[in-house]
Amino acid sequence: MKIMVLVKQIPDVNAIKFDEKTKRIIRTGVKLLFNSYDKKAVEAAVRLSEKYKCETYVVSMGPVDASDILNDSMKMGINHAILLNDRNFAGADTYVTSRILSSLIMHINPDIVLSGKSSLDGETSQVPPETAEMAGYNFVSNVSSIEIMENSVIVSRDEDGGLRKLEVSLPAFFSVSEKINRARQIDPYAKVENITIYDSEFTTWKGSDSPTEVIDTFSMNGTRNNKLITFQEFLQIMNESRKPVQEEEHLTLGDPATEEIFLGLVVDDPRISLEISSKIAEIGGHRIIIIGNIAPSRLAGMACHKYIFLENSDNVSFSEYVENFIRKNKVSHVLAPSNLNGRDISSHIAASLGLGLTADCVDIKFENGKMIQYKPSFGGGIIAVIKSKTVPDMATVRKGMFKIKFTSKSYEVQNVKLEKSKYFQELEVIPIDNRMHMLDSPVIFGIGTGVHINDIPAILEIAGKINASVGATRRVVDMERIPRQFQIGITGTSISPELYIAVGLSGADNHIVGIRYADKIIAVNSDPEANIFKHSDFGMVMDSHEFIEKLYDYVKG
């Protein structure tokens, strides 16, 4: 059995600078790193090889400098290394990168392909599912365990609501989560074999074939002006942030001026579904059709002309239905959610139809009939403005970026029952702690190592009382005090609440990346010099235990 691992060398996102005059990213002197998720994928391949006696390959596409991470992979125990290096590859976007990688996969023909779930410089999570689709491999993202059977693989997939165990037919491609393992130390004296270099002769794809183009870049101002407040002032801010909107915003959805379709995809989460439909309706001028896996009863007031409800769908059947719909109809634009399944589904569609796809956008605008997409990169500090060359143009958007607006006009509903793919069999679903709520509440508490383990139940109870959510830093998650699904930061998730309350955390750069889009941030820390205060709107120099006790008494009182 052959296992291939795709790896990427990335710049240290915390050291990246941006020249406002030239609109260029300054990489000079920036340390290059082994993408941490990919390193875990290498570790997973080596462990599988040790257990099942597999032949292993590691592949990277990039400059000669990328040989460093290939050598490191071989020192960890990988058998063969391949570097894809050619000037023709320069400027490749995710689609062309996936085309080039899939060409190599079909050339080597491994049974299993592994990668990290995303690269920390781009965070798109597009390349793994697009590459899998192009190579004809069954794909599962965010995998935290792998067991090889005779003609299949059993994997565990980390999802927002818990853990899903699946049996997947070979050949298969898995992107791995943070949770899968702890990568071994690299032995600097280990023997390595020669790296095989492939140029563009094995593929016809070039960087210039990319279906998306960056038309502008600008930096985000990440600084906030911290103001010290009292506990009573804190309560006032918290209560204002958790108040429901007094009046729902409504819009009038008229008949479309054209038969051109603006297609929205709704996947798993009603709230972001309503955000997407509201944004499409705000843009106007199109027939709005939404396709999704959410029961119509959970989407009351959604702004669209027609909703196609896909019953009993999985990611494969959902993707195939949308692909056929786009082929048969005049679809100009597609907008989808940037959640776990939304990313996978949209990537499969883009790969199948040859479309440019921009992932994880924070804004969408229109110019001359084209969808202009604003995508954060390098930890969110830099925004790339992207345009697709293909029709329809396509993007996924982050939750919490658009205001929800309802319509009183009811939409047409079409029910379509689909058959799930025969290549995936669900074995078990294990839900997470029922005290934990998805990180989509108006108020979110962030727990750092300054919060004692005995105080965590009190924070969870407080959050339950005020309909808030609780997340944590990577170190707290590593200590298994909070489930991995609730890790906030560069190797976790990004959030955009009305209010983020950072309790007992230092404010490391890797965490700050994940809270950049919070409307207001309040920091609670006993150290007045803590870095978190530099990234907060308000602060309290206060012991975490004392703060939790006072807040607990208040909400119970």
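The structure contained in this document is the topic of the report that follows. Numbers given for residues are sequential positions, taken from 1 along each chain in its written order. Where totals are concerned, whole chains, interfaces and linings use all residues; where local detail is concerned, this predicted model gives features only for residues with pLDDT of at least 70, and gives and counts side-chain atom pairs only at 80 or more. Here the side-chain values reflect all heavy atoms present in the structure, with hydrogen atoms and water set aside.

Observations regarding the pairing of strand 30 (residues 520-525)
Looking down a regular strand, the side chains alternate between one sheet face and the other. How we decide: Relative accessibility thresholds used throughout: buried, under 20% of the residue-type maximum; exposed, over 50%; partly exposed, between the two (1.4 Å probe, protein chains only). Put simply, DSSP H or I for four residues or longer makes a helix, DSSP E for two residues or longer makes a strand, and each gets a number counted from the N terminus. Any two strands with at least two DSSP-identified bridges between them are counted as paired.
Counting buried positions over the six residues of strand 30 gives five, a clear majority of the element. Sheet topology note: the strand 29 (residues 499-503)/strand 30 ladder contains five bridges and is parallel. Across the sheet, the residue bridging to I501 is I522, located in strand 30. For strand 30 and strand 31 (residues 538-541), the ladder comprises four bridges, and the chain directions are parallel. Pairing of V524 across the sheet is with M540, part of strand 31.

A few points about the sheet that holds strand 18 (residues 306-311)
Heads up, the condition is: To obtain each axis, a line is fitted to C-alpha atoms, and for helices this fit is confined to the stretch in contact; angles are then taken between N-to-C directions over 0 to 180 degrees. Residue contacts are defined here by distance: any two heavy atoms, one from each residue, within 4.5 Å place the two residues in contact.
Across the sheet, which stays open at both edges, the seven strands sit in the order 20-24-19-16-17-18-25 with parallel pairing between neighbours. Looking at which strands have only one partner, the edges of the open sheet turn out to be strand 20 (357-361) and strand 25 (412-417). For this sheet the average axis-to-axis angle between neighbouring strands, irrespective of direction, equals 20 degrees. Two strands pair when backbone bridges link them, and strand 18 and strand 25 are joined in this way by six bridges, in the parallel orientation. Looking at strand 25, one finds that Y307 is bridged to V413. On top of the sheet, helix 8 (residues 340-353) reaches strand 16 (261-266), strand 19 (331-337), strand 20 and strand 24 (393-397); it is set at about 170 degrees to strand 24, its chief contact.

Here's the deal with the nonpolar core
We apply this condition: The nonpolar core is taken to be a set of buried Ala, Val, Leu, Ile, Met, Phe, Trp, Tyr and Cys residues, with the residues joined through side-chain atoms within 4.5 Å.
Membership of the largest hydrophobic core comes to 52 residues, with the highest contact counts inside it found for F234, F445, Y500, F547 and L551. Top contributing element to this core by residue count: helix 9 (residues 456-465), with six residues. Setting aside anything within four residues of it in sequence, one finds F445 in contact with I459, I462, A463, I466, A468, S469, V470, G471, Y500, I501, V503 and L551.

Section: the packing of aromatic side chains
The description of an aromatic ring pair uses the distance of the two centres, along with the angle that the planes make with each other. Note the cut-off: Two rings from Phe, Tyr or Trp (for Trp, the six-membered ring) form a pair when their centres sit within 6.5 Å of each other. Planes less than 30 degrees apart are called stacked, planes more than 60 degrees apart edge-to-face, and all others tilted.
Under the criterion given, the structure shown has ten aromatic pairs. Geometrically, the ring pair formed by F234 and F547 is edge-to-face, given 5.1 Å between the ring centres and 70 degrees between the ring planes. With F234 in helix 5 (residues 231-241) and F547 in helix 12 (residues 544-556), this residue pair connects regions lying 313 residues apart in the sequence. Both residues of the pair, F234 and F547, count as buried. Grouped by ring-pair contacts, the aromatic residues F231, F234 and F547 constitute a single cluster.

As for the pairing of strand 17 (residues 287-292)
Test applied: For crossovers, right-handed means that the path from the first strand over the helix to the second runs clockwise, given strands pointing away from the viewer.
The buried fraction of strand 17 is high, at five of six residues. Note: strand 16 against strand 17, six bridges, orientation parallel. Looking at strand 17, one finds that I261 is bridged to R287. On the question of chirality, the crossover connecting strand 16 to the parallel strand 17 by way of helix 6 (residues 270-283) is right-handed.

Points about the sheet that holds strand 30
The sheet built from six strands is open, its strands ordered 15-31-30-29-27-28 with parallel pairing. Bordering the open sheet on either side are strand 15 (227-228) and strand 28 (469-472), each of which pairs with just one other strand.

Things to note about the pattern of salt bridges
Definition in use: Just to be clear on terms, a salt bridge is a Lys or Arg side-chain nitrogen sitting within 4 Å of an Asp or Glu carboxyl oxygen.
A complete count under the given rule lists 24 salt bridges for this structure. A salt bridge links D440 to K399; the shortest N-O distance between them is 2.6 Å. Of this pair, D440 sits in the loop between strand 26 (424-431) and strand 27 (443-447) while K399 sits in the loop between strand 24 and strand 25, and the two are 41 residues apart along the sequence. With relative accessibility at 31%, the residue D440 sits in the partly exposed group. With a shortest N-O distance of 3.6 Å, K520 and D519 are connected by a salt bridge.

Some words on a negative patch on the surface
Quick reminder of the rule: Nonpolar side chains (Val, Leu, Ile, Met, Phe, Trp, Tyr) within 5 Å and like charges within 9 Å form the patches, drawn only from residues with over 30% relative accessible area and no salt bridge. Here the accessible surface of atoms and residues is derived via Shrake-Rupley with a 1.4 Å probe, and residues count as covered only by protein chains that are part of the display. Counted as positive: Lys and Arg. Counted as negative: Asp and Glu, with His and the chain ends omitted from the count. For charged residues, the charge sits on one atom: NZ in Lys, CZ in Arg, CG in Asp, CD in Glu.
On the surface, D543, E546, E549 and D553 cluster together into a patch of negative charge. Relative to the helices and strands, D543 is located in the loop between strand 31 and helix 12.

Concerning the packing of helix 4 (residues 127-135) against helix 8
Filter applied, for reference: If an angle is under 35 degrees, it is roughly parallel; if it is over 145, roughly antiparallel; if it lies from 65 to 115, roughly perpendicular; otherwise it is oblique. When the near helix sits turned anticlockwise from the far one by under a right angle, the crossing is termed left-handed; a clockwise turn instead gives a right-handed crossing.
Across the interface, helix 4 lies against helix 8 with an axial gap of 8 Å and an inter-helix angle of 45 degrees. Considered as vectors, helix 4 and helix 8 are oriented oblique to each other. For the pair helix 4 and helix 8, the sense of crossing is right-handed. Residues P129, E130, E133 and M134 of helix 4 touch helix 8, and the partners they reach there are D344, S347, H348, A350, A351 and S352.

Focus: the packing of helix 9 against helix 12
Defined as follows: All amino acids are sorted into three groups, where Ala, Val, Leu, Ile, Met, Phe, Trp, Tyr, Cys and Pro are nonpolar, Asp, Glu, Lys and Arg are charged, and the leftover types, Gly among them, are polar.
Remark: helix 9 packs on helix 12, axes separated minimally by 10 Å, with the N-to-C direction vectors making an angle of 35 degrees. Relative to helix 12, helix 9 is oriented so that their crossing is left-handed. The residues of helix 12 that touch helix 9, namely those facing A458, I459, E461, I462 and K465, are I548, L551, Y552, V555 and K556. Taken together, the residues that form the contact of helix 9 with helix 12 break down as seven nonpolar, no polar and three charged.

Describing the environment of I548
Along the polypeptide, I548 turns up in helix 12. Taking C-alpha positions, I548 is 47 Å from S317, a pair spaced 231 residues apart along the chain. The contacts of I548, once residues within four sequence positions are left out, are V451, D455, A458, I459, I462 and V503.

Describing helix 8
What counts, and what does not: Take the residue count of a helix, subtract one, and multiply by 1.5 Å to get its expected span.
With 14 residues, helix 8 extends 21 Å between its outermost C-alpha atoms, agreeing within 8% with the 20 Å of an ideal straight helix rising 1.5 Å per residue. A large share of helix 8 lies buried, amounting to eleven of its 14 residues. After helix 8 finishes, the residue G354 shows a positive phi value of roughly 70 degrees.

So far we have only geometry, and geometry alone does not tell us how the molecule works.
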